[in-house]
Amino acid sequence: MQVMESPAGVREAVRSWRAGGARVAFVPTMGNLHDGHMALVQAALERAERVVVSIFVNPLQFGPNEDLDRYPRTLEADMQRLRSAGVDLLFVPQEASLYPQGRDAVTRISVPKLADELCGASRPGHFSGVATVVAKLFNIVDPDCSLFGEKDYQQLLVIRRMAHDLDFATEVVGIPTVREADGLAMSSRNGYLTAEERARAPVLYQALSQAVQQLEAGARDFAAIETQGAQALRAAGLQPEYFSVRDADTLLPAAQGRAWRVLAAARLGSTRLIDNLPAGA
Ligand code: AMP
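Residues numbered from 1 in each chain as written. Predicted model: local features only at pLDDT ≥ 70, side-chain atom pairs only at ≥ 80, totals over all residues. Heavy atoms only, no water.

Chemist: Teacher, can you tell me more about the layout of surface pockets here?
Modeler: The gaps left among the atoms become clear once a water-sized probe is rolled over them. Roughly 290 Å³ of volume is contained in the second largest pocket. As for the second largest pocket, its lining consists of 17 residues, and the residues nearest its centre are Ile55, Phe56, Val57, Arg73 and Pro93. Here the residues of the lining of the second largest pocket are counted per class, giving 9 nonpolar, 4 polar and 4 charged. (1 Å grid on protein atoms, 1.4 Å probe; cavity = no way out; pocket = protein on both sides within 12 Å on 5 of 7 lines; lining within 4 Å. Points joined across faces, edges and corners; volume = space filled by probe spheres on them. Nonpolar A, V, L, I, M, F, W, Y, C, P; charged D, E, K, R; others polar.)

Chemist: Can you help me understand the pattern of salt bridges in this one?
Modeler: Inspection of the entire model under this criterion finds 15 salt bridges. Of the charged contacts, one joins Asp249 and Arg258 as a salt bridge, the two residues approaching to 3.5 Å between their closest N and O atoms. Asp249 gets classed as exposed once you look at its relative accessible area, which sits at 52%. Given a relative accessible area of 36%, Arg258 falls into the partly exposed group. (Salt bridge = Lys/Arg side-chain N within 4 Å of Asp/Glu carboxyl O. Buried < 20%, exposed > 50% of the residue type's maximum accessible area, 1.4 Å probe, protein only.)

Chemist: What is the right way to look at the packing of helix α2 (residues 35-47) against helix α3 (residues 75-85) in this model?
Modeler: Between two packed helices, what matters for the description is the angle formed by their axes and the separation of those axes. At a minimum axis separation of 11 Å, α2 and α3 run at an interaxial angle of 30°. Here α2 lies roughly parallel to α3, going by the angle between them. As for the relative orientation of α2 and α3, their crossing is right-handed in sense. Every residue of α3 that contacts α2 at Asp35, Met38, Val41 and Leu45 is listed here: Arg81, Leu82 and Ala85. (Axes fitted to C-alpha atoms, helices over the stretch in contact; angles between N-to-C directions. Helix = DSSP H or I, 4+ residues; strand = E, 2+ residues; numbered from the N terminus. Parallel < 35°, antiparallel > 145°, perpendicular 65-115°, else oblique. Left-handed = near helix turned anticlockwise from the far one by under 90°. Contact = heavy atoms within 4.5 Å.)

Chemist: Honestly, the site of the ligand in this entry has me stumped. Any pointers?
Modeler: Surveying the vicinity of the ligand reveals 17 residues, the closest of which are His37, Gly149, Asp152, Val178 and Met186. One of the side-chain N or O atoms of His37 is found 2.9 Å from an oxygen atom in the ligand. Coverage of the ligand by the protein amounts to 92% of the 490 Å² it exposes when considered alone. When residues of the shell around the ligand are traced back to their parent elements, those giving at least two are β2 (24-29), α2 and β5 (145-149). Top contributing element to the shell around the ligand by residue count: α2, with 3 residues. Of the residues belonging to the shell around the ligand, the class tally is 8 nonpolar, 7 polar and 2 charged. (Near = heavy atom within 4 Å. Polar contact = N/O pair within 3.5 Å; in protein donor to acceptor, adjacent residues only side chain to side chain. Areas by Shrake-Rupley, 256 points an atom, 1.4 Å probe, with all protein chains shown as cover.)

Put into structure tokens, the structure is as follows:
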């Protein structure tokens, strides 16, 4: 596995693979890799002859009071996992090479409406930060396909919309959420949980599952399902930010006869957890 810091080096490597006819798949991450990330890597290996992974803790997508400084950085262990999985190239850019004029001076991409809902409402600028770095990475790597987790469902839709609107050629592929045995979605942020919080965290998945069961059983009072879900979180000592049944394609409020997504975000102590499940058509 080649490890590169330089965008120009990555461009050159990918160009030569493509000239040889290889398909290239790309998995952007912030590192601290777990089995959820590795599912994306596996899917990438199945879809292409060459796989590029990036690790970059993108400051643009963190708010001023968020966890940028304490975000876990485990590069040595990550490199080992990626190397044994058979990844061809790991891109680990320095902040200065992606944002040479500084974080506040970079041209930014905003995805209207879709990025303002749900997590976008409580994390202003977050999805613009994500869309901007992903657009830059797409331009550097120029992948045939790129893989994103459904764990961050709104992010997946934002990236898909951006790629479509700005005519990126890459196919944006969504990969189902990988969970712990008790249902908790794997996340680098789970490491922030105390043992006692970790024991309570699966209630997020349980409340979402309960909402899906109600919908599948024919319940259509979306507001009641949302209130009940938020209450289940509160009863377990979580502070819900939102618990919402949405249209699976647009994230607009749920309507009859369409596929839905039930999404929730909640604080557990100092940790912010998000998760979601599909439901309906
Ligand atoms: P992150 O390192 O948190 O930015 O995540 C990098 C990619 O891995 C994103 O596309 C995430 O949606 C995806 N991802 C994170 N956790 C999971 C999970 N539990 N299952 C599947 N994909 C995940």
